[in-house]
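# Remarks on the overall topology
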Amino acid sequence: KNQVEQSPQSLIILEGKNCTLQCNYTVSPFSNLRWYKQDTGRGPVSLTIMTFSENTKSNGRYTATLDADTKQSSLHITASQLSDSASYICVVSGGSQGNLIFGKGTKLSVKP
Amino acid sequence: DGGITQSPKYLFRKEGQNVTLSCEQNLNHDAMYWYRQDPGQGLRLIYYSQIVNDFQKGDIAEGYSVSREKKESFPLTVTSAQKNPTAFYLCASTPGHQDRSTDTQYFGPGTRLTVL
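Residues numbered from 1 in each chain as written. Chains lettered and ligands numbered in written order. Predicted model: local features only at pLDDT ≥ 70, side-chain atom pairs only at ≥ 80, totals over all residues. Heavy atoms only, no water.

### Considerations on the interface of chain A and chain B
Going by this rule: Whether two residues are in contact is decided by their heavy atoms, any of which lying within 4.5 Å being enough. Defined in terms of a 1.4 Å probe, buried area is the accessible area two parts forfeit on being brought together, summed over both. Salt bridge, as applied in this entry: a Lys or Arg side-chain nitrogen positioned within 4 Å of an Asp or Glu carboxyl oxygen. Pairing of N or O atoms within 3.5 Å defines a polar contact, subject to two protein rules: one partner must be a possible hydrogen donor and the other a possible acceptor, and residues neighboring in sequence count only if both atoms are side-chain atoms. Secondary structure is summarised from DSSP: a helix means a run of H or I of at least four residues, a strand means a run of E of at least two, and numbering begins at the N terminus for each.
Taken together, the contacts link 20 residues of chain A with 19 residues of chain B. Between chain A and chain B lies a buried interface of about 1600 Å² when both sides are counted; carbon and sulfur atoms form 47% of it. In this structure, the connection of chain A to chain B is made through 0 salt bridges. Between the two partners, chain A and chain B, sit 3 residue pairs in polar contact (both at pLDDT 80 or more). Elements with a contribution of two residues or more to the side of chain A that touches chain B: β4 (30-38), β5 (45-51), β9 (86-94) and β10 (99-102) of chain A.

Given below as structure tokens:
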């Protein structure tokens, strides 16, 4: 069964600290993996998209990694800011019909 | 949120009533999508349309209906047949209709529907 599992479910960190969010998937065949940021009560916004051949991709203070062999991805946030407080959603594209499989998200709270 | 608008932001409905959620985009995108988001759940696909006058059921289409008469508009009707309609509804669009697995989806701001 195609699944995307994210951990932790929620995370609280202090402003200025770094953190890493995890995404494990069992989607096959694999097409690409995306990370979205969703502010409370808003629509998700794309952060990165990674294909099979890409190991690392950065977008400002956000760095995503992908290990296609172990089917794991991580999103590293450097020097966190209060505005980073949001849910981060991992989305894997693939399967027999090229569907998008959404993880349940990690809720990050950055405290001053 | 790009060029996608959803209205209203909050919607209250009595049981047994149909209600229509609006989604409009000015991005000239071919494909449009409707998702449902529940607390602690991943987004689930309700319906999608890859081109005008054509649409397909997603994973949870029962109790919902859509139309795609114009490229820029993809309204979703939540019917009385939907047993648990209270949720956050998100509309999205992608530029092309060739391969929806590779296009990045642009989401609207969402509509929160509450059934009283």
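### Some details on the sheet that holds strand β3 (residues 19-25) of chain B
All names here are of chain B. Test applied: Here, any two strands with at least 2 DSSP bridges between them count as paired. Here, axes are lines fitted to C-alpha atoms. For helices the fit covers the stretch in contact, and angles between N-to-C directions go from 0 to 180 degrees.
Read from one edge to the other, the open sheet built from 4 strands follows the order β1-β3-β8-β7, with strand pairing classed as antiparallel. The open sheet has two edge strands with one neighbour each: β1 (4-7) and β7 (64-66). Neighbouring strand axes in the sheet, compared pairwise and without regard to direction, differ in orientation by 20° on average. Looking at chain direction, β7 and strand β8 (residues 76-78) are connected through 3 bridges and run antiparallel. In the sheet register, Ser65 faces β8, and the bridge partner there is Thr77.

### Section: the sheet that holds strand β8 (residues 72-77) of chain A
Residues and elements named next belong to chain A. Here we have 5 strands laid out as an open sheet, ordered β1-β3-β8-β7-β6, and antiparallel in their pairing. On the outer flanks of this sheet lie β1 (4-7) and β6 (56-59), each paired with one strand and no other. The mean angle between the axes of side-by-side strands here comes to 15°, regardless of whether they run parallel or antiparallel. In this sheet, β8 lies alongside strand β7 (residues 62-67) in antiparallel orientation, the contact comprising 6 bridges. Its bridge partner being in β8, Thr65 is matched across the sheet by Ser74.

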